[in-house]
Amino acid sequence: MIHPATVHFAMVLPVVASAFGVAYMINRKEIFSKLTARTTLLAAIAMLVVYYTGTQAGPQIFEYLSPEGKHELLEHKELGLYLAVAMGIIALMQIIGCRFKKFLLQTFATILLVATMFTTFLQGKDGGELVYNYGMPFKAYMIEDSLKEAVQEAEDAQGCDEQVEIYEDAIDDINSLSEDINAIYGNKPKTEEKDEDE
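The following refers to the structure shown. No experiment lies behind these values; they were computed from the predicted model shown.

## Points about the nonpolar core
Then comes step 1: Met47, Met87 and Leu113 are the most contacted members of the largest nonpolar core, which has 16 residues in total.
Then comes step 2: Listed by contribution, the elements that provide at least two residues to this core are helix H1 (3–27), helix H2 (30–62), helix H3 (67–99) and helix H4 (103–135).
Then comes step 3: Here this core gets six residues from one element, more than from any other, and that element is H3.
Then comes step 4: Not counting chain neighbours up to four residues away, the residues in contact with Met47 comprise Ala10, Pro14, Leu83, Ala84, Met87 and Thr120.

Below, the structure written as structure tokens:
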């Protein structure tokens, strides 16, 4: 998954563009106008890339999340789309303002840029919560779900052999889940790691 790596660009570039924008508002030097427009364009491209990588990463983990985690992920995706569109519009305003030397347009775009930057920080915080509150525990959530289901089935089973078979199936499900999650995160199965060490 490359979404976590691309996110850093979408967090930093609006800050850099905002700093150049504020510098331009203070001293009106053309160099800051150009730097603001160009870094805002880079920030808009980064936002689009992050949104795209997020739409690729989200479905891979969606089914493993709890209902609350699924809800949070959908909200995260929606806000990501709004941020990508907003940053694209702001970049267009900055470029037009720079090209035609419209100070007020660039000033207004910079104010919008700063607001978008703070919203991006909130989006980053939500993304972190998704990972640490819902993403990391989703494996434990699925394991717990498999074990609860196995316990219920075992209580209804007729004999010890049938109960053992139910628990063995649950262990197989958990192993399969671990393999799926390792594949999502790009982790190698332990058997492959041992083979490489030898």
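## Focus on the environment of Ile111
Then comes step 1: Tracing the backbone shows Ile111 in helix H4.
Then comes step 2: Measuring from C-alpha to C-alpha, the distance between Ile111 and Gly21 comes to 8.6 Å, with 90 residues separating the pair along the chain.

## Describing the packing of H2 against H3
Then comes step 1: Taken N-terminus to C-terminus, the directions of H2 and H3 make an angle of 160°; their axes are 8 Å apart at the nearest point. Judged by the inter-axis angle, H2 sits roughly antiparallel to H3. Every pair of crossing elements has a handedness; the one defined by H2 and H3 is left-handed.
Then comes step 2: Looking at the contact of H2 with H3, its residues break down into 19 nonpolar, eight polar and three charged.

## A few points about the environment of Ser178
Then comes step 1: Following the sequence through the fold, Ser178 ends up in helix H6 (residues 160–185).
Then comes step 2: By relative accessible area, which is 17% here, Ser178 ends up buried.
Then comes step 3: Here the alpha-carbon distance between Ser178 and Ile143, two residues 35 residues apart in the chain, equals 9.1 Å.

## Points about the packing of H1 against H2
Then comes step 1: At their nearest, the axes of H1 and H2 sit 8 Å apart, and the two run at 160° to each other. One way to sum up the angle between H1 and H2 is to call them roughly antiparallel. Pair H1 / H2 crosses with left-handed handedness.
Then comes step 2: When grouped by side-chain class, the residues that make up the contact of H1 with H2 number 19 nonpolar, 10 polar and no charged.

## Regarding the pattern of salt bridges
Then comes step 1: As enumerated under the stated definition, the model contains three salt bridges in all.
Then comes step 2: Among the salt bridges present, the one from Lys101 reaches Glu30, with a minimum N-O distance of 3.5 Å. Here Lys101 is found in the loop between H3 and H4, whereas its partner Glu30 is found in helix H2, with 71 residues between them in sequence.
Then comes step 3: By relative accessible area, Lys101 is classed as exposed at 58%.
Then comes step 4: The network of salt bridges with common partners includes Glu30, Lys34 and Lys101.

## Examining the environment of Ala43
Then comes step 1: Structurally, the position occupied by Ala43 is in helix H2.
Then comes step 2: Expressed as a C-alpha distance, the spacing of Ala43 and Ala17, which sit 26 residues apart in the sequence, is 7.7 Å.
Then comes step 3: Other than its neighbours up to four places away in sequence, Ala43 contacts Leu13, Pro14 and Met87.

## Section: a nonpolar patch on the surface
Then comes step 1: On the surface, a nonpolar cluster with roughly 390 Å² of combined accessible area is contributed by Leu41, Leu42, Ile45, Val49 and Ile95.
Then comes step 2: Among the elements that take part in the nonpolar patch, H2 stands out by supplying four residues, more than any other.
Then comes step 3: Residue position: Leu42 is located in helix H2.

About the cut-offs
Residues numbered from 1 in each chain as written. Predicted model: local features only at pLDDT ≥ 70, side-chain atom pairs only at ≥ 80, totals over all residues. Heavy atoms only, no water. Core = buried A, V, L, I, M, F, W, Y, C linked by side-chain atoms within 4.5 Å. Buried < 20%, exposed > 50% of the residue type's maximum accessible area, 1.4 Å probe, protein only. Helix = DSSP H or I, 4+ residues; strand = E, 2+ residues; numbered from the N terminus. Contact = heavy atoms within 4.5 Å. Axes fitted to C-alpha atoms, helices over the stretch in contact; angles between N-to-C directions. Parallel < 35°, antiparallel > 145°, perpendicular 65-115°, else oblique. Left-handed = near helix turned anticlockwise from the far one by under 90°. Nonpolar A, V, L, I, M, F, W, Y, C, P; charged D, E, K, R; others polar. Salt bridge = Lys/Arg side-chain N within 4 Å of Asp/Glu carboxyl O. Patch = residues over 30% accessible without salt bridge, like charges linked within 9 Å, V, L, I, M, F, W, Y side chains within 5 Å. Areas by Shrake-Rupley, 256 points an atom, 1.4 Å probe, with all protein chains shown as cover.

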